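Now for the letters of each chain:
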Amino acid sequence: MRELIFLGPPGSGKGTQAARMAQIMKIPHISTGEILRDHVSRQTALGQQAKTYMDMGDLVPDQLILDMVTHRLSEPDAETGWILDGFPRNVSQAQFVQEHLLSVEQKNGRIPERDHVWVINLEVPDDVILQRLLLRGREDDREETILHRLQVYREQTAPLIEFYSSRNQLHHINGDRPMEEVTDSLKEVINS
Ligand code: AMP
């Protein structure tokens with residue numbers, strides 16, 4: 001199993017880099033934001049519940065997210081590994097990932113030379129983020145919502161930096177560089 005987790009604020013380039021690394025590593029790119037937007041556009045029960053939170057830039061409650069992620073991680077293409085983009089977003093989601101990894105390990109047994117979890121913190125200054133997101137122009141990319149999402153990130157997601165660095169799993173990468181350079185740094189991390 002090869003697993004890559006992207007932390008980093010909205011607009012840090014997580015989605016772009018996760019998609020590029022998924023191609024390189026030949027494992028699926030799992031974006032909880034994308035799965036949720038798909039539910040919203042299909043107007044499923046989950047989509048209808050999630051939409052209010054997404055429009056405000058708040059996190060969708062864990063009880064809605066965790067089943068969705070469990071289901072996605074149990075699909076056959078996720079058997080050899082996965083890239084998580086936008087999940088975990090708070091400490092209880094991170095604990096969920098640890099438990100999931102533990103249960104996979106107990107089922108399959110780990111091969112230390114082959115198995116690895118990398119957690120990437122993509123670092124980008126706030127002013128660059130704001131500019132990038134205003135240019136992107138997604139429905140939840142209005143200035144007020146962006147600022148709120150940054151606040152939610154600082155309060156709920158940034159604590160994961162400590163969570164993973166205390167487990168020696170964290171790699172900091174400067175995301176304020178051209179896309180190819182960031183990907184090169186990511187390749188160095190997974191090949192080292
Ligand atoms: P993203 O595409 O990752 O920026 O996510 C867009 C929106 O989806 C977020 O602002 C949240 O409302 C919601 N969302 C995505 N991932 C999660 C998650 N792991 N936990 C809670 N809400 C999420």
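Overview of the structure. Here the structure is a predicted model, which is why all the values come from computation and not from measurement. (Residues numbered from 1 in each chain as written. Predicted model: local features only at pLDDT ≥ 70, side-chain atom pairs only at ≥ 80, totals over all residues. Heavy atoms only, no water.)

### Comments concerning unusual backbone geometry
Logical step 1: Note that the residue after Phe 87, namely Pro 88, is joined by a cis bond; omega there is 0 degrees.
Logical step 2: Inspection of the secondary structure puts Pro 88 in the loop between β3 (81-85) and α5 (91-108).
Logical step 3: One non-glycine residue, Gln 43, adopts positive backbone phi at about 55 degrees.
Logical step 4: Note on placement: Gln 43 falls in the loop between α2 (32-42) and α3 (45-56).
Logical step 5: Phi is positive for Asn 168, which is not a glycine, with a value near 55 degrees.
Logical step 6: The topology assignment puts Asn 168 in the loop between α8 (159-165) and β5 (170-174). (Helix = DSSP H or I, 4+ residues; strand = E, 2+ residues; numbered from the N terminus.)

### Here's the deal with the site of the ligand
Logical step 1: Neighbouring the ligand are 16 residues, the closest being Thr 32, Arg 37, Asp 58, Val 60 and Gly 86.
Logical step 2: With respect to the ligand, the side chain of Thr 32 contributes an N or O atom lying 2.8 Å from a nitrogen atom.
Logical step 3: Contact between the ligand and Arg 37: an oxygen atom at 3.0 Å from a side-chain N or O atom of the residue.
Logical step 4: Here the ligand has 480 Å² of accessible area as a free molecule, and 96% of this is covered by the chains. (Near = heavy atom within 4 Å. Polar contact = N/O pair within 3.5 Å; in protein donor to acceptor, adjacent residues only side chain to side chain. Areas by Shrake-Rupley, 256 points an atom, 1.4 Å probe, with all protein chains shown as cover.)

### Re the sheet that holds strand β2 (residues 29-31)
Logical step 1: Read from one edge to the other, the open sheet built from 5 strands follows the order β2-β3-β1-β4-β5, with strand pairing classed as parallel. Of all the strands in the sheet, just β2 and β5 have a single pairing partner and so form its edges. The mean angle between the axes of side-by-side strands here comes to 25 degrees, regardless of whether they run parallel or antiparallel.
Logical step 2: Both strand β1 (residues 2-7) and β3 contribute to a ladder of 5 bridges, which runs parallel. Residue pairing in the sheet places Ile 5 in a bridge with Leu 84 of β3.
Logical step 3: With respect to the sheet, α2 is in contact with β2 and β3, its orientation differing from that of β2 by roughly 60 degrees.
Logical step 4: Sitting on the sheet, α5 is in contact with β1, β3 and β4 (116-123), with an inclination near 175 degrees to β3. (Pairing = 2+ DSSP bridges. Axes fitted to C-alpha atoms, helices over the stretch in contact; angles between N-to-C directions. Contact = heavy atoms within 4.5 Å.)

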